[in-house]
Amino acid sequence: MTSAIEAIDLTKRYDDFTAVDCLNLRIDEGEIFGFLGPNGAGKTTTIMMFLGLTFPSSGVARVHGYDCARDPLEVKRVAGYLPETLGFYGELSAKENLLYTASLNGIGRREALRRLDEALAYVGLSERAAQPVKQYSRGMRQRLGIADVLIKQPKVVLLDEPTQGIDSATVEDVLNLITGMSRDQGITVLVSSHQLHYIQRICDRVGIMSQGQMVVQGTIGDLAQQLREGEGIVVEMGFGLVSDDLQDALKEVPGVDSVSVRGNLVTVECQLEARARIANVAMRHGNSLHTLQSSDSVLENIYLRYFQQV
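What comes next concerns the included structure.

### Quick notes on the environment of Tyr81
Part 1 of the reasoning: The residue Tyr81 is located in strand E6 (residues 79–82) in this model.
Part 2 of the reasoning: In this structure the C-alpha to C-alpha distance between Tyr81 and Val157, which are 76 residues apart in sequence, comes to 5.7 Å.
Part 3 of the reasoning: With sequence-adjacent residues up to four places away left out, Tyr81 is seen in contact with Ile47, Met48, Leu51, Val149, Leu158 and Asp160.

Structure below.
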């Protein structure tokens, strides 16, 4: 596949502080890549280098083959950007804001009107096109931001914290829009976020930044496998009544590390492969199993190992 976004030993220093440290990254055309990590990990600085808005101290950043430091205008022609803080004119309507964006990108009025109608329909704001943006909710502004990005018909879109500060229902809308950009329009999407539990659902691959370095990258399955090594899960079971021999029977299950009982709640720490055997033993020895749930520790481990290292 053709590389849509590429970083080779990409580094950015500010005096004695290294914001991005020898980043190597390749994102293929049409891919959704989750760029994850805590605030201050170097994600936004990296995006600024990809957009040609700040130059690297060393290394190379490319977008669709264009060197981001040497050909920033070509990069801006093919790349769209949605910042964390949106900058619309509140007194203007959504339509007027998008027309202004179109004029800045040299798009003629007739073509601009066609594109903005399509973009507003795509994000579900056609009926609010004449409404002043100052009356928009945070979620509506976020959807308008996506429409604003799509006006220039980019090949690559970079989104900085697109789900930050919006309610869960609107998050679902935004995630669906991002997925549609890639799957339906063939746009390469880089999504920068620290909200892994949202972003993991839509990304083909993810990379985790910590203190300026890419500490791990791959598919969600790859990361889960890497982070699961040596780690267990917790299984919780609720009973109408806990039989006397249940605890001893669970301790005998291969892969079980510990069993604790509190009232009618039984908690088992075990390896992933022991989960099915635990359920079978519980059904045989327990009385009136009401609930059974397990929590894989992969996500928690990601946060603990990388996201909180700030």
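### Section: the pattern of salt bridges
Part 1 of the reasoning: Inspection of every chain in the model, using the stated rule, returns 10 salt bridges.
Part 2 of the reasoning: Between Glu172 and Arg201 there is a salt bridge, with the nearest N and O atoms lying 2.8 Å from each other. You can see Glu172 sitting in helix H6 (residues 168–183) and its partner Arg201 sitting in the loop between helix H7 (196–199) and strand E9 (205–210), a full 29 residues away along the chain.
Part 3 of the reasoning: Classification of Arg201 by relative accessible area gives partly exposed; the value is 47%.
Part 4 of the reasoning: For Asp204, the salt bridge identified is with Arg183, shortest N-O distance 3.2 Å. Remark: Arg183 occurs in helix H6 and Asp204 occurs in the loop between H7 and E9; sequence separation between them is 21 residues.
Part 5 of the reasoning: Linked by salt bridges that have partners in common, Glu111, Arg114, Arg115 and Glu118 make up one network.

### Focus on unusual backbone geometry
Part 1 of the reasoning: The phi torsion at Asp9 lies on the positive side, around 50°, for a residue other than glycine.
Part 2 of the reasoning: Position of Asp9 relative to the elements: it lies in strand E1 (residues 3–14).
Part 3 of the reasoning: Notably, Gln211 is not glycine yet its phi reads approximately 55°, a positive angle.
Part 4 of the reasoning: With respect to the helices, strands and loops of the structure, Gln211 is situated in the loop between E9 and strand E10 (213–218).
Part 5 of the reasoning: Its relative accessible area of 56% is what places Gln211 among the exposed residues.

### Digging into the nonpolar core
Part 1 of the reasoning: By size, the foremost hydrophobic cluster in this structure holds 47 residues, and its most contacted members are Leu120, Leu144, Ile146, Leu159, Ile178, Met181 and Val189.
Part 2 of the reasoning: Contact partners of Leu120, with chain neighbours within four places excluded, come to Ala94, Leu98, Leu125, Ser126, Ala129, Leu144 and Ala147.
Part 3 of the reasoning: In terms of nonpolar packing, the next biggest core, distinct from the first, is built from 28 residues, Phe50, Val63, Val75 and Val156 among them.

### Digging into the sheet that holds strand E7 (residues 156–160)
Part 1 of the reasoning: Judged by pairing direction, the sheet is mixed, and its 6 strands sit side by side in the order E6-E7-E8-E3-E9-E10 without closing on themselves. Every interior strand has two partners, whereas the edge strands, E6 and E10, have only one. With strand direction ignored, the average angle separating the axes of adjacent strands in the sheet is 15°.
Part 2 of the reasoning: Of the strands in this sheet, strand E3 (32–36), E6, E7, strand E8 (188–193) and E9 touch helix H1 (residues 43–50), which is tilted by about 150° from E8.
Part 3 of the reasoning: Across the sheet, helix H5 (residues 138–150) touches E6 and E7, and the angle it forms with E6 is around 165°.

### Quick look at the packing of aromatic side chains
Part 1 of the reasoning: By the definition in use, this model includes 1 aromatic pair.
Part 2 of the reasoning: With 5.7 Å between their ring centres and 80° between their planes, Tyr89 and Tyr100 make a pair best called edge-to-face. Within this pair, whereas Tyr89 is found in the loop between E6 and helix H3 (94–104), its partner Tyr100 is found in helix H3, the two being separated by 11 residues in sequence.
Part 3 of the reasoning: Tyr89 gets classed as partly exposed once you look at its relative accessible area, which sits at 46%.

### Here's the deal with the state of the cysteines
What makes a disulfide is a covalent bond joining the sulfur atoms belonging to two cysteines.
Part 1 of the reasoning: Applying the stated criterion across every chain yields a total of 0 disulfides.
Part 2 of the reasoning: Left without a disulfide partner, Cys68 is nearest to the cysteine sulfur of Cys22, which lies 17 Å away.
Part 3 of the reasoning: Free cysteine Cys203: the closest other cysteine sulfur is in Cys68, separated by 20 Å.
Part 4 of the reasoning: The class of Cys203 is buried, set by a relative accessible area of 10%.

### With respect to a nonpolar patch on the surface
Part 1 of the reasoning: There is a patch of nonpolar side chains on the surface, built from Tyr89, Leu92, Tyr100 and Leu104 and spanning about 400 Å² of accessible area.
Part 2 of the reasoning: With respect to the secondary-structure elements, Leu92 resides in the loop between E6 and H3.

### Details of the pairing of strand E2 (residues 17–28)
Part 1 of the reasoning: In the sheet, E1 pairs with E2 via 8 bridges, with the strands oriented antiparallel. The partner of Leu10 across the bridge, within E2, is Leu23.
Part 2 of the reasoning: The turn linking E1 back onto E2 is made up of 2 residues, and Asp15 within it adopts a positive phi angle of 55°.

### With respect to the packing of H3 against H5
Part 1 of the reasoning: Contact geometry for H3 and H5: axes closest at 9 Å, N-to-C directions at 30°. One finds that H3 runs roughly parallel with respect to H5. Where H3 crosses over H5, the two elements pack in a sense that is right-handed. Contacts between H3 and H5 involve Ala94, Asn97, Leu98 and Thr101 from the first element and Leu144, Ala147 and Asp148 from the second.

Analysis parameters
- Residues numbered from 1 in each chain as written.
- Predicted model: local features only at pLDDT ≥ 70, side-chain atom pairs only at ≥ 80, totals over all residues.
- Heavy atoms only, no water.
- Helix = DSSP H or I, 4+ residues; strand = E, 2+ residues; numbered from the N terminus.
- Contact = heavy atoms within 4.5 Å.
- Salt bridge = Lys/Arg side-chain N within 4 Å of Asp/Glu carboxyl O.
- Buried < 20%, exposed > 50% of the residue type's maximum accessible area, 1.4 Å probe, protein only.
- Core = buried A, V, L, I, M, F, W, Y, C linked by side-chain atoms within 4.5 Å.
- Pairing = 2+ DSSP bridges.
- Axes fitted to C-alpha atoms, helices over the stretch in contact; angles between N-to-C directions.
- Phe/Tyr/Trp six-rings, centres within 6.5 Å; stacked < 30°, edge-to-face > 60°.
- Disulfide = S-S within 2.5 Å.
- Patch = residues over 30% accessible without salt bridge, like charges linked within 9 Å, V, L, I, M, F, W, Y side chains within 5 Å.
- Areas by Shrake-Rupley, 256 points an atom, 1.4 Å probe, with all protein chains shown as cover.
- Parallel < 35°, antiparallel > 145°, perpendicular 65-115°, else oblique.
- Left-handed = near helix turned anticlockwise from the far one by under 90°.

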